[in-house]
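Structural description and commentary
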Amino acid sequence: MAKTRPQAMKPNDGCVWITGASSGIGAALALEMAKQGWQVAISARRQTALDEIAQQHPHIHAFVGDVTDRAAMHNVVMAIEAELGPIALAVLNAGIYLPTALPEFDATIFDRTFEVNLTGTINAMSPVVPLMVERGKGRLALVSSVAGYGGLPTSAAYGASKAALFNLGESMAMDLAASGVGVSMIAPGFVKTPATDVNSFPMPFIISAEEAAKRMVAGLAKGKTHISFPKRFSFFLRAINMLPRGAYVRLVGLTKR
Ligand SMILES: NC(=O)c1ccc[n+]([C@@H]2O[C@H](COP(=O)([O-])OP(=O)(O)OC[C@H]3O[C@@H](n4cnc5c(N)ncnc54)[C@H](OP(=O)(O)O)[C@@H]3O)[C@@H](O)[C@H]2O)c1
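Residues numbered from 1 in each chain as written. Predicted model: local features only at pLDDT ≥ 70, side-chain atom pairs only at ≥ 80, totals over all residues. Heavy atoms only, no water.

**What to know about the sheet that holds strand β9 (residues 226–229)**
Counted only if it meets this: Note on pairing: DSSP must find at least two bridges between two strands before they are called paired. In this description a helix means any DSSP run of H or I spanning at least four residues, a strand means any run of E spanning at least two, and both kinds are numbered starting from the N terminus. Axes here mean lines fitted to C-alpha atoms, for a helix over just the part in contact, with angles spanning 0 to 180 degrees between N-to-C directions.
The strand order β3-β2-β1-β4-β5-β6-β9 describes an open sheet built from seven strands, whose pairing is parallel. Bordering the open sheet on either side are β3 (60–64) and β9, each of which pairs with just one other strand. Taken over all neighbouring pairs, the strand axes of this sheet differ in orientation by 20° on average, direction set aside. Alignment of strand β1 (residues 15–19) against strand β4 (residues 87–92), held across four bridges, turns out to be parallel.

And the structure:
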């Protein structure tokens, strides 16, 4: 039986841990959550970049850790809880986009993408889920993408990793509900960050990282299972994903760069 129905977490429930917070969306989210009164633990591989974010608000604390290293994620979680207390909310945001240039098939692009985006998320969940279940409360937020809704050009590796996060997160939301631990899936559209600054193709409805952070905070504050923005772009992609699959592939394939 459920101890409690999974709730939205608040600053007095514990701290928030954000992975991949040395730049882009994660860094903006750290600042936004600190302003809302959260104690914020940020992690990524680059110590200097993390320290620069931490210097911007006294509630932000830096912890170095590579999500592809499961033992390192265990150590990061132990260090956060020792310094800041229980992790109430874990925003698993670390991710990379490596375009696939088919028909030249490079399996290493898939390996590297899945290692960070999928296995890295699992590595980060591994130490924190048992702690949340034991406490009977907490929330995991998996940063997926609208690219996970259906196939997109150059996105065979990235899109597959993000689609896997939706499936994984939905299953975990069902399996963890009775323990009082909630799961949110976050699906941003295009957000201006170092990751997208290198793109040469049009990025419709692109928003700033600060705006993305505000939408994430608003959705998490309501304990939403699915948080996606900007609304028009997300709705459009979900609508075309309801087409028969052959029609979807032909239609979206026309946008191939
Ligand atoms: N920007 C968009 O349009 C967009 C749209 C949809 C979804 N997303 C998702 O949003 C998330 C953040 O992306 P972003 O656009 O903000 O990109 P970003 O600025 O490149 O940030 C990526 C973050 O992930 C960290 N990271 C990468 N590999 C890591 C590893 N092995 N271990 C630990 N941290 C690692 C990076 O830090 P270090 O290099 O210091 O490790 C960095 O802090 C990603 O999951 C991305 O897929 C982005």
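**So, a negative patch on the surface**
Stated precisely, the cut-off is as follows: Two distance rules govern patches: like charges are joined within 9 Å, and nonpolar side chains (Val, Leu, Ile, Met, Phe, Trp, Tyr) within 5 Å, applied only to residues with over 30% relative accessible area and no salt bridge. For accessible areas, the Shrake-Rupley method is used with a probe of radius 1.4 Å. Any residue's cover is judged against the shown protein chains and nothing else. Salt bridges, as used here, are contacts in which a Lys or Arg side-chain nitrogen is within 4 Å of a carboxyl oxygen on Asp or Glu. Charge counting treats Lys and Arg as positive and Asp and Glu as negative, with His and both chain ends excluded. By convention, the point assigned to a charge is CZ for Arg, NZ for Lys, CD for Glu and CG for Asp. Burial classes follow relative accessibility: with a 1.4 Å probe on protein chains only, a residue under 20% of its type's maximum area counts as buried, one over 50% as exposed, and anything between as partly exposed.
Together, Glu-104, Asp-106, Asp-111 and Glu-115 make up a region of like negative charge exposed at the surface. Among the secondary structure elements, Glu-104 is positioned in the loop between β4 and α4 (107–135). Judged by its relative accessible area of 65%, Glu-104 falls in the exposed class.

**Here we look at the site of the ligand**
Selection rule: By convention in these notes, a residue is near a molecule or strand provided one of its non-hydrogen atoms lies within 4 Å of it. A 3.5 Å cut-off defines polar contacts: any pair of N or O atoms within that distance qualifies, except that in protein one atom must be a possible hydrogen donor and the other a possible acceptor, and neighbouring residues in sequence count only when both atoms are side-chain atoms.
In the neighbourhood of the ligand, 31 residues make up the surrounding shell, with Arg-45, Arg-46, Tyr-158, Val-191 and Thr-193 lying closest. Here an oxygen atom of the ligand sits 2.7 Å away from a polar atom, N or O, in the side chain of Arg-45. In this structure, an oxygen atom belonging to the ligand sits 2.7 Å away from a side-chain N or O atom of Arg-46. Notes on the ligand: free accessible area 880 Å², of which the protein chains cover 92%. Those elements that provide at least two residues to the shell around the ligand are α1 (24–35), α5 (156–176) and α6 (194–197). If one sorts the elements of the shell around the ligand by residue count, α6 sits on top with three residues.

**Notes on a positive patch on the surface**
On the surface, a cluster of positive charge is contributed by Lys-222, Lys-224, Lys-231 and Arg-238. Looking at Lys-231, the relative accessible area reads 52%, which means it is exposed.

**Points about the pattern of salt bridges**
Evaluated as defined, the whole model comprises four salt bridges. Two residues, Asp-13 and Lys-137, come together in a salt bridge whose shortest N-O distance is 2.8 Å. Of this pair, Asp-13 sits in the segment before β1 while Lys-137 sits in the loop between α4 and β5 (138–143), and the two are 124 residues apart along the sequence. Among the salt bridges present, the one from Arg-215 reaches Glu-211, with a minimum N-O distance of 2.8 Å. Of this pair, Arg-215 and Glu-211 both sit in helix α7 (residues 209–221), separated by four residues, roughly a single helical turn.

**What to know about the packing of aromatic side chains**
Under the convention used in this document: What counts as a ring pair is set by centres within 6.5 Å for rings of Phe, Tyr and Trp (its six-membered ring), and what kind of pair is set by the plane angle: stacked under 30 degrees, edge-to-face over 60, tilted for all other angles. Counting as a charge over the ring demands two things of the Lys NZ or Arg CZ atom: a distance within 6 Å of the ring centre and an angle within 35 degrees of the ring normal.
Summed over the entire model, instances satisfying the criterion amount to seven aromatic pairs. Look at Phe-190 and Phe-233: their rings are 5.7 Å apart centre to centre, the planes differ by 25°, and that puts the pair in the stacked class. Of this pair, Phe-190 sits in the loop between β6 (181–188) and β7 (191–192) while Phe-233 sits in helix α8 (residues 231–240), and the two are 43 residues apart along the sequence. Note on Phe-233: relative accessible area 9%, which makes it buried. Among the aromatic side chains, those forming a connected cluster through ring pairs are Phe-190, Phe-201, Phe-205 and Phe-233. The residue whose ring lies beneath Arg-245 is Tyr-248, and the NZ or CZ to ring-centre distance is 4.5 Å.

**With respect to the nonpolar core**
The line we're drawing: Residues enter a nonpolar core if they are buried and are Ala, Val, Leu, Ile, Met, Phe, Trp, Tyr or Cys, with the set joined through side-chain atoms within 4.5 Å. We call two residues in contact when some of their heavy atoms are within 4.5 Å.
The biggest cluster of nonpolar side chains holds 37 residues, and the ones touching the most others in it are Trp-17, Ile-80, Ile-87 and Leu-140. For this core, the leading source of residues is α4, giving six residues. Sequence-distant contacts of Leu-140, defined by excluding residues within four places in its chain, comprise Ala-90, Met-125, Val-128, Val-129, Met-132, Met-172, Leu-176, Gly-182, Val-183 and Ser-184. With 35 residues, the next largest nonpolar core counts Val-40, Ala-54, Val-143 and Ile-186 among its residues.

**A few points about the environment of Phe-63**
Tracing the backbone through its elements, the reader meets Phe-63 in strand β3. When the C-alpha positions of Phe-63 and Ala-41 are compared, they lie 7.0 Å apart, and in sequence the two are 22 residues distant. Ignoring sequence-local partners within four residues, the contact set of Phe-63 consists of Ala-41, Ile-42, Ser-43, Ala-44, Leu-50, Val-76, Ala-79, Ile-80, Glu-83 and Leu-84.

**Points about the packing of helix α3 (residues 70–84) against α4**
The test is simple: The cut-offs work like this: below 35 degrees is roughly parallel, past 145 is roughly antiparallel, 65 to 115 is roughly perpendicular, and the gaps in between are oblique. Helix crossings are classified by the rotation of the near helix relative to the far one: an anticlockwise turn of less than a right angle makes the crossing left-handed, while a clockwise turn makes it right-handed. Residues are grouped as follows: Ala, Val, Leu, Ile, Met, Phe, Trp, Tyr, Cys and Pro are nonpolar; Asp, Glu, Lys and Arg are charged; all remaining types, including Gly, are polar.
Interaxial distance between α3 and α4 falls to 8 Å at its minimum, and their mutual angle equals 40°. Here α3 is positioned oblique relative to α4, judged by the angle of their axes. Crossing of α3 against α4: the hand is right-handed. Residues Arg-70, Met-73, His-74, Val-77, Met-78 and Glu-81 of α3 touch α4, and the partners they reach there are Thr-119, Asn-123, Ala-124, Ser-126, Pro-127, Val-128, Leu-131 and Arg-135. Here the contact of α3 with α4 is built from residues that sort into seven nonpolar, four polar and three charged.

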